[in-house]
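Here are the chains, one letter per residue:
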Amino acid sequence: MRVSLVTSADCAGFGLEFFEALRYLSADNGGVSRGGYSAAEDAAHTLLANYASRNGLTVSIDEACNTWVELPGTDSSADAIVIGSHLDSVRQGGNYDGAAGVVGGLAMLFRLQDTTQLRRPVRLVAFRGEEAAWFGTCYIGSRALVGTLESEMLDAVSPEYRISLREALQEAGADLGPIEANTALSASKSIHQYFEMHIEQGPLLVAADCPVGVVTGIRGNYRYPAITWLGEAGHSGAVSRNLRHDAVLGATEWLTTVERLWIDEEVAGADLVVTAGIFSTDPMHHAVTRIPDSVRMSLDIRSVDVSTLQRVSEQAMELASQIASRRGLEVLVGERVDTMPASIDTDTVSMIYDTALGLGYPAMKLPSGAGHDAAALGAAGIPIGMIFVRNENGSHNAQEALDIDDFCVGVDVLTEVTKRAAQ
Ligand SMILES: [Zn+2]
């Protein structure tokens, strides 16, 4: 039967039904597991294609196995508005990270089908393999779309599936030619603007009592995965303070200094978050009575602004060498892994924000701390915009909780934003 989604009640009923079907297809120990290029992800894409084609929309699959659904516009030569997100999840993750944007995009197409004729075509894309959990690489489908999936990423072997990404793509029926050649796929050629609706993965919308948020930029990161502090071991009772070369004291002094730097940046109005998620002495040698001679740690610096990333990273590394030399330690910062931030222009942010307020929904502007497919498209020069929908309990866990009324608010905002952009 054809789905009509003119009212909010229709939207809620459709959303509940689709999310329940998705959960049924990928249930795993209380959560869902829809690995990139897995049978469960295939099933989710088939579900989407079936719903869309039953409703008279055209479905196509691109060379990277992303699924596209098209609503034609009155001007077939005009570049399209593209709405997208992903259908994969982390292992035993939640049902809404990614899927909310795809299901919301489909709900929007069904509503537009019955209510509005737009000049531009509107296309929904469900990307494959957005989560890095399966092949160590994020944004697989969206990077393949814009021709930026690097060959070493294709060689990465999934510890879960024990095959490389290249083999997984082949098994899924992908056309590796353009992907290996880093050629943008034809579906990427005629995109006027890309919008993504996604659950918020932090607590800000819940705290502010806002159903929707407008993303001001997607934070990039400079990551130091393996920093080593080296000092000198000794008996904890036998060496006075001035003669010690304690790796833990050096590393912790550095971290508190970096936190002061962070506070100064915040006061100056910069967007910044810093995390040392790994911090350990050597478990083979450490002991209660041994002065620690080594610390392994990581540092993850994130900001929406690349100049902040550069400035903070340089200052942090300078502080590390100053502290190391004063304490008679050695610090090896190791390799740095960079992910560039994705900027969203202020006109787009204002347009989405004004649209939400105009519909009577409280909204707030906030940066995205996590990466999204939108970042891959933005890096390729496609103008992007993002809408966050309130979600409790964070993401990448089975407790993600998206209220269906908030989902429908997101669909309302997405629909109006698309109408404005597609005129
Ligand atoms: Zn996601």
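Use the structure listed above.
Since we're looking at a predicted model, the values are computed, not measured. (Residues numbered from 1 in each chain as written. Predicted model: local features only at pLDDT ≥ 70, side-chain atom pairs only at ≥ 80, totals over all residues. Heavy atoms only, no water.)

Engineer: Looking at this model, I keep getting lost on the coordination of the zinc ion. Mind explaining?
Structural biologist: Octahedral metal centres with six donors ideally show angles of 90 or 180 degrees, and tetrahedral centres with four donors ideally show 109.5 degrees. For the zinc ion, every protein donor is listed as His 86 (NE2), Asp 97 (OD) and His 198 (NE2), and the spread of their distances is 2.0 to 2.2 Å. The motif formed by the donor residues of the zinc ion, counted along the single chain, is H-x10-D-x100-H. Pair noted here: His 86 is in strand S5 (residues 80–86) and His 198 is in strand S7 (residues 191–199), with a separation of 112 residues, a long-range link. Looking at His 86, the relative accessible area reads 1%, which means it is buried. (Donors = N, O, S within 2.8 Å, 3.2 Å for Na, K, Ca; no water. Helix = DSSP H or I, 4+ residues; strand = E, 2+ residues; numbered from the N terminus. Buried < 20%, exposed > 50% of the residue type's maximum accessible area, 1.4 Å probe, protein only.)

Engineer: Looking at this model, I keep getting lost on the layout of surface pockets. Mind explaining?
Structural biologist: One way to see where empty space is left: roll a probe the size of a water molecule over the atoms. By volume, the largest pocket is sized at about 1,300 Å³. Those elements giving two or more residues to the lining of the largest pocket turn out to be strand S9 (220–230), strand S16 (337–339), strand S17 (342–343), strand S18 (363–368) and helix H12 (373–379). In terms of residue class, the lining of the largest pocket is built from 20 nonpolar, 18 polar and ten charged. The residue makeup of the lining of the largest pocket includes at least three contributed by each of domain 1 (8–219 + 342–421) and domain 2 (220–339). (1 Å grid on protein atoms, 1.4 Å probe; cavity = no way out; pocket = protein on both sides within 12 Å on 5 of 7 lines; lining within 4 Å. Points joined across faces, edges and corners; volume = space filled by probe spheres on them. Nonpolar A, V, L, I, M, F, W, Y, C, P; charged D, E, K, R; others polar. Domains from an automatic or database assignment.)

Engineer: Mind showing me how you'd approach the nonpolar core here?
Structural biologist: Soluble globular proteins: nonpolar side chains tend toward being buried together. Counting 102 residues, the largest nonpolar core has Phe 14, Phe 19 and Phe 407 as the members making the most contacts within it. A per-element tally of this core places helix H3 (residues 99–115) first, with ten residues. Setting aside residues up to four positions removed in sequence, Phe 407 forms contacts with Cys 11, Gly 15, Phe 19, Ala 100, Val 103, Gly 104, Met 197, Val 389 and Leu 402. (Core = buried A, V, L, I, M, F, W, Y, C linked by side-chain atoms within 4.5 Å. Contact = heavy atoms within 4.5 Å.)

Any functional reading would require information beyond the geometric quantities listed.
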